[in-house]
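Fold and geometry: a report
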Amino acid sequence: MATITQETRVELSAREALTLGSLPGGLLTCASGEVWITVDGEGRDVVLGPASSHRIESDAPVVVSAFADSVLSIRRAVSPHPSIL
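Since the model is a prediction, treat every value here as computed from it, not as a measurement.

What follows deals with the sheet that holds strand E3 (residues 27-32). Here 4 strands make up an open sheet; going across it, the order is E1-E8-E3-E6 and the pairing antiparallel. Each having just a single partner strand, strand E1 (4-12) and strand E6 (53-55) make up the two edges of the open sheet. Each strand axis lies, on average, 20° off the axis of its neighbour in the sheet, ignoring direction. Here E3 runs beside strand E8 (residues 70-78); their pairing, made up of 5 bridges, is antiparallel. Across the sheet, the residue bridging to Thr29 is Ser73, located in E8.

Our next topic: the nonpolar core. Counting residues in each nonpolar core, the largest one holds 17 residues, and the members touching the most others are Leu28, Ile37, Leu48, Val62, Val64 and Leu72. Counting only elements with at least two residues in this core, the list comes to E1, E3, strand E4 (35-39), strand E5 (46-48), strand E7 (61-66) and E8. Residues contacting Ile37, with those up to four places away along its chain left out, are Leu28, Asp45, Val46, Leu48, His54, Ile56, Val62, Val63 and Val64.

Another aspect to go through is the pairing of E4. In E4, alternate side chains face the same way, and those of Val35, Ile37 and Val39 are buried while those of Trp36 and Thr38 on the opposite face are not. Inspection of the sheet shows E4 paired to E5 by 3 bridges, in the antiparallel sense. Its bridge partner lying in E5, Val35 is registered against Leu48. Counted between consecutive antiparallel strands, the loop separating E4 from E5 contains 6 residues, among which Gly41 sits at a positive phi close to 90°. In the sheet, E4 pairs with E7 via 5 bridges, with the strands oriented antiparallel. Counterpart to Thr38 in the pairing with E7 is Val63.

In this fold, Arg44 is placed in the loop between E4 and E5. On the basis of relative accessibility, which here comes to 52%, the residue Arg44 falls in the exposed class. Taking C-alpha positions, Arg44 is 21 Å from Ala68, a pair spaced 24 residues apart along the chain.

Here the focus is the environment of Asp45. Along the chain, Asp45 turns up in the loop between E4 and E5. With relative accessibility at 37%, the residue Asp45 sits in the partly exposed group. Taking the C-alpha atoms as reference points, Asp45 and Leu23, 22 residues apart in sequence, are found 15 Å from one another. Those residues in contact with Asp45, other than ones at most four positions away along the chain, are Trp36, Ile37 and Thr38. Side chain to side chain, Asp45 and Trp36 meet in a polar contact 2.8 Å long. Within the local environment of Asp45, its side chain forms a polar contact with the side chain of Thr38, the two groups lying 3.4 Å apart.

Rules used in this analysis
Residues numbered from 1 in each chain as written. Predicted model: local features only at pLDDT ≥ 70, side-chain atom pairs only at ≥ 80, totals over all residues. Heavy atoms only, no water. Pairing = 2+ DSSP bridges. Helix = DSSP H or I, 4+ residues; strand = E, 2+ residues; numbered from the N terminus. Axes fitted to C-alpha atoms, helices over the stretch in contact; angles between N-to-C directions. Core = buried A, V, L, I, M, F, W, Y, C linked by side-chain atoms within 4.5 Å. Buried < 20%, exposed > 50% of the residue type's maximum accessible area, 1.4 Å probe, protein only. Contact = heavy atoms within 4.5 Å. Polar contact = N/O pair within 3.5 Å; in protein donor to acceptor, adjacent residues only side chain to side chain.

None of the figures reported here should be taken as evidence of function without further support.
Okay, structure coming up:
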């Protein structure tokens, strides 16, 4: 089966937080700045600096917070709709 990868770029201002919702299997990469990632129900948080990544394993909501102005890339596989192929 074909897989389509969707990539979203998120720009956050310093001290800004954003709830991303559920992203199982999603890869979060910090392109610039520094972000703090919290996955609801997990016992640890993750801090990403430039060029570092973290894969989300859970289907729980994800919250990202920026320590400084930051750019975050979110990549995830999505199932193609039958009308696309």
